[in-house]
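Coordinates in review
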Amino acid sequence: MATSATVEEQAKLVETSKRLAAFQAVKDYLLPEYTRIGIGSGSTVVYVVEAISELGSAVTSKMAFYPTGSQSEELIEAAGLNLQYISKLPAGQQLDVAFDGADEVDDDLNLIKGGGACLWQEKIVAASAKQFVCVADFRKLSTRLGMAWKKGIPIEVLPMAAPRVLGELQRMGSQNPRIRPGLPGKAGAIVTDNGMWIIDAPFPPLLLPKDIEAGSQTGNSTAGVWTVDALADALIKIPGVAEIGLFYGKNGLQLASGAQKPVAAYFGMADGTVEVRTPSS
Ligand SMILES: O=C[C@H](O)[C@H](O)[C@H](O)COP(=O)(O)O
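These numbers were taken from a predicted model, which means no experiment stands behind them. (Residues numbered from 1 in each chain as written. Predicted model: local features only at pLDDT ≥ 70, side-chain atom pairs only at ≥ 80, totals over all residues. Heavy atoms only, no water.)

A separate point is the pattern of salt bridges. On inspection of all chains with the given rule, the structure shows 15 salt bridges. The salt bridge involving D100 is made with K113; its shortest N-O contact spans 3.1 Å. You can see D100 sitting in strand β3 (residues 97–100) and its partner K113 sitting in the loop between β5 (111–112) and α5 (120–127), a full 13 residues away along the chain. The exposure class of K113 is buried, given its relative accessible area of 2%. Between R164 and E168 there is a salt bridge, and its shortest N-O distance comes to 3.5 Å. (Salt bridge = Lys/Arg side-chain N within 4 Å of Asp/Glu carboxyl O. Helix = DSSP H or I, 4+ residues; strand = E, 2+ residues; numbered from the N terminus. Buried < 20%, exposed > 50% of the residue type's maximum accessible area, 1.4 Å probe, protein only.)

Laid out in structure tokens, this is it:
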């Protein structure tokens, strides 16, 4: 009984933390004059939509909300917010801001995403926004990708290419990459909103430029030890890979358009505070 109460208490703490992060992020980054808002996927984004709804229709009725997949589409509709699609965003125009969760965030605001099988549309929406804001709970706050999230980097693949991609990943040093199975009771692989499969590819914790500068690591692929950027650049080039769950590259603040990294990551902490991580340069 004591164990089950502890598990329940932990689950409640995590939910409270997600909600705290989401409400603070919306307060800081959703300005009333904004008209185009990206809404990501996952359980933390539910609280983003709740926070937005609480602003009231006088504010939200002038806004259009762009989902990153079927889950966020349903969330937007259920909240009575105006649904719009990124495919309808005129060329050259941007969303004002996009909010999304993450599975892990490192010191440099690189992200692992796709734990819930959404990542491709998420990356398109994030890169379409002037500002991408990440919301998460304390479990996601990390220093190097792969230290907290042990399930591997989610990689969206064309199903017919999956065996070959698995072979490539092994060659690159991934430890036991696997095609993600469907939900319990459903035979076969999980199928994404885009009709693709997901491979989860574990790698040793991914290095940052500061690790290389420190001279202790080489960041090459020989022992499956990679920097975030080198691994991401190599993964995306594998034929059959549609998109990868590494959000990386230039800092959001340095590159207004096309950035995959957030301008800020909000973490609800276990003590009831919110920690905000922003780019250091
Ligand atoms: O595929 C799912 C998305 O990338 C989510 O944003 C990510 O997994 C975080 O989800 P949650 O907020 O449920 O932890």
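What follows covers the pairing of strand β6 (residues 132–137). Taking burial as the measure, the six residues of β6 include six buried ones, the bulk of the element. A two-sided burial pattern is seen for β6, the buried positions comprising F132, C134 and A136 on one face and V133, V135 and D137 on the other. In the sheet, β3 pairs with β6 via three bridges, with the strands oriented parallel. Within β6, the residue paired with A98 across the bridge is F132. Where β6 lies against strand β12 (residues 264–268), five bridges are found, and the strand directions are parallel. Its bridge partner lying in β12, A136 is registered against F267. (Pairing = 2+ DSSP bridges.)

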